[in-house]
Amino acid sequence: MSLSLTPIDRAKYAAARRAVDLVEDGMKLGLGTGSTAAWMVRALAERVKSEGLRLTCVPTSVRTAELGRELGLKIVALEDAGWLDMTIDGTDEFDANLTLIKGGGGAHLMEKIVATASDKMVVITDASKEVKTLGAFPLPVEVVPFGWQASRMLIEELLGAMDVMGTQASLRMNGARPYITDEGNHILDLSLGRIGNPRQLSLALNQVPGVVENGLFIDICDIVVIGFADGLVELRDIGEGTIERERIIFEDTNNIFRDV
Ligand code: 5RP
């Protein structure tokens, strides 16, 4: 394996490789977005190439669609795929209930739609993203550009009544301009410190006019695969109540690291 990979990338790759082992021939799969999900797309493409798996893949962003196509995966829109067998995606934070904060990469709207249109959601991550209480990572909220300042004021006001520590909502920027999502919206990042009641917060945020979707994933994720730099992976299935550990062998025999 390439020695230039950082320990965090080795951990992400180990998690991605183990999650891709869950994929079976003929599946319709949701492909997440972000650096961990990109490792998963590469590992998946390797399996498709070496085993001739026939998969139909639905991406959660333009970035993931481009990577998948480049690596030879069959990429279709969710509208054409219908229901999916499984979605594999990264996360920004997760807790013991597998409640997630997602959207650090700005794709949580499509990620949530794709994950909830799947029989199963598998999250792949390194160990640093596990938290006791969610909220150290700013919570992304996608809002329509029209009147986004009014939406922000309403959000900051409602945060005052929620079980959180902070109430600041910052417009995500891309250089000097507001960040634009694949769906043409803006993102407000909420600095909350801690989220005492994720379900109440999620419901309240989605009631604010202009809010399209927030980055809390509640009762959506079934399995988390945690990777470590030495190749160790831990798979926790909350539905089954099982925990499995194994070690991924990083081999030099494939070309997965070629373009990294
Ligand atoms: C994108 C996401 C990503 O899954 C999340 O930001 C994790 O990214 P990375 O794997 O690069 O750490 O939610 O919207």
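In this report, the structure presented in the accompanying data block is examined. Note that the structure is a prediction, hence the values are computed from the model and not measured.

Regarding the overall build of the protein chain
Helices and strands together make up the secondary structure of the protein chain, namely seven helices and 16 strands. The C-alpha atoms of the protein chain give a radius of gyration of 18 Å, which matches the 18 Å a tight globule of 260 residues would have. On the principal axes, the C-alpha backbone points of the protein chain span a range of 55 × 35 × 35 Å. Relative to its 260 residues, the protein chain shows a buried fraction of 54%. Sequence separation of 24 or more characterises 72% of the internal contacts of the protein chain that already satisfy a separation of 6 or more. About 11800 Å² of surface is accessible on the protein chain, with carbon and sulfur atoms providing 51% of the total. Placing the 26 positive and 38 negative side-chain charges of the protein chain at their respective mean positions leaves the two points 3 Å apart.

Concerning the packing of aromatic side chains
Within this structure, the stated rule accounts for two aromatic pairs. Residues tyrosine 13 and tryptophan 39 carry aromatic rings whose centres are separated by 5.6 Å and whose planes lie at 65° to one another, so their mutual orientation is edge-to-face. Here tyrosine 13 is found in helix 1 (residues 7–20), whereas its partner tryptophan 39 is found in helix 2 (residues 35–51), with 26 residues between them in sequence. A single burial state applies to tyrosine 13 and to tryptophan 39, both of which are buried.

A word on the sheet that holds strand 1 (residues 28–31)
Two modes of strand pairing occur in sheets, parallel and antiparallel, and in both the strands are linked by backbone hydrogen bonds. Judged by pairing direction, the sheet is mixed, and its seven strands sit side by side in the order 2-1-3-6-14-15-16 without closing on themselves. The open sheet is flanked by strand 2 (56–59) and strand 16 (242–247), the only strands paired with a single partner. In this sheet, neighbouring strand axes are inclined to one another by 20° on average, regardless of whether the strands run parallel or antiparallel. In terms of strand pairing, strand 1 meets strand 3 (residues 84–89) through three bridges, oriented parallel. Each residue of the ladder has a partner; that of leucine 31, found in strand 3, is isoleucine 88.

Concerning the site of the ligand
Around the ligand lies a shell of 18 residues, among which Ser35, Thr36, Asp92, Gly103 and Lys129 are the nearest. One of the side-chain N or O atoms of threonine 36 is found 2.5 Å from an oxygen atom in the ligand. When the free accessible area of the ligand is taken as 370 Å², the share hidden by the protein chains comes to 90%. Where the shell around the ligand is concerned, the elements lending two or more residues are helix 2 and helix 5 (108–116). Here the residues of the shell around the ligand are counted per class, giving one nonpolar, 11 polar and six charged.

A word on the sheet that holds strand 7 (residues 139–143)
Strand order in the open sheet made by the four strands is 8-11-7-12, with antiparallel pairing throughout. Each end of this open sheet is capped by a strand with a single partner; those strands are strand 8 (168–171) and strand 12 (211–214). Strand-to-strand twist of the sheet, defined as the mean angle between neighbouring strand axes without regard to direction, takes the value 30°. In the packing of helix 5 onto the sheet, the strands contacted are strand 7, strand 11 (186–191) and strand 12, and the crossing angle to strand 12 comes to about 65°.

Quick word on the nonpolar core
If you look at the biggest cluster of nonpolar residues, it comprises 37 residues, and the most contacted ones within it are Leu31, Met40, Leu44, Leu55, Leu73 and Val225. Contributing elements (two or more residues each) for this core: helix 1, strand 1, helix 2, helix 3 (62–70), strand 3, strand 6 (118–126), strand 14 (223–227) and strand 15 (232–237). The element that contributes the greatest number of residues to this core is helix 2, accounting for nine residues. The residues contacting methionine 40, other than those within four sequence positions of it, are Ala16, Val20, Leu31, Gly32, Ile88 and Ile124.

Definitions and cut-offs
- Residues numbered from 1 in each chain as written.
- Predicted model: local features only at pLDDT ≥ 70, side-chain atom pairs only at ≥ 80, totals over all residues.
- Heavy atoms only, no water.
- Helix = DSSP H or I, 4+ residues; strand = E, 2+ residues; numbered from the N terminus.
- Rg over C-alpha atoms; globule rule 2.2 N^0.38 Å.
- Buried < 20%, exposed > 50% of the residue type's maximum accessible area, 1.4 Å probe, protein only.
- Contact = heavy atoms within 4.5 Å.
- Areas by Shrake-Rupley, 256 points an atom, 1.4 Å probe, with all protein chains shown as cover.
- Lys, Arg positive; Asp, Glu negative; His and termini not counted.
- Charge placed at Lys NZ, Arg CZ, Asp CG, Glu CD.
- Phe/Tyr/Trp six-rings, centres within 6.5 Å; stacked < 30°, edge-to-face > 60°.
- Pairing = 2+ DSSP bridges.
- Axes fitted to C-alpha atoms, helices over the stretch in contact; angles between N-to-C directions.
- Near = heavy atom within 4 Å.
- Polar contact = N/O pair within 3.5 Å; in protein donor to acceptor, adjacent residues only side chain to side chain.
- Nonpolar A, V, L, I, M, F, W, Y, C, P; charged D, E, K, R; others polar.
- Core = buried A, V, L, I, M, F, W, Y, C linked by side-chain atoms within 4.5 Å.

On their own, these measurements won't tell you what the molecule is for.
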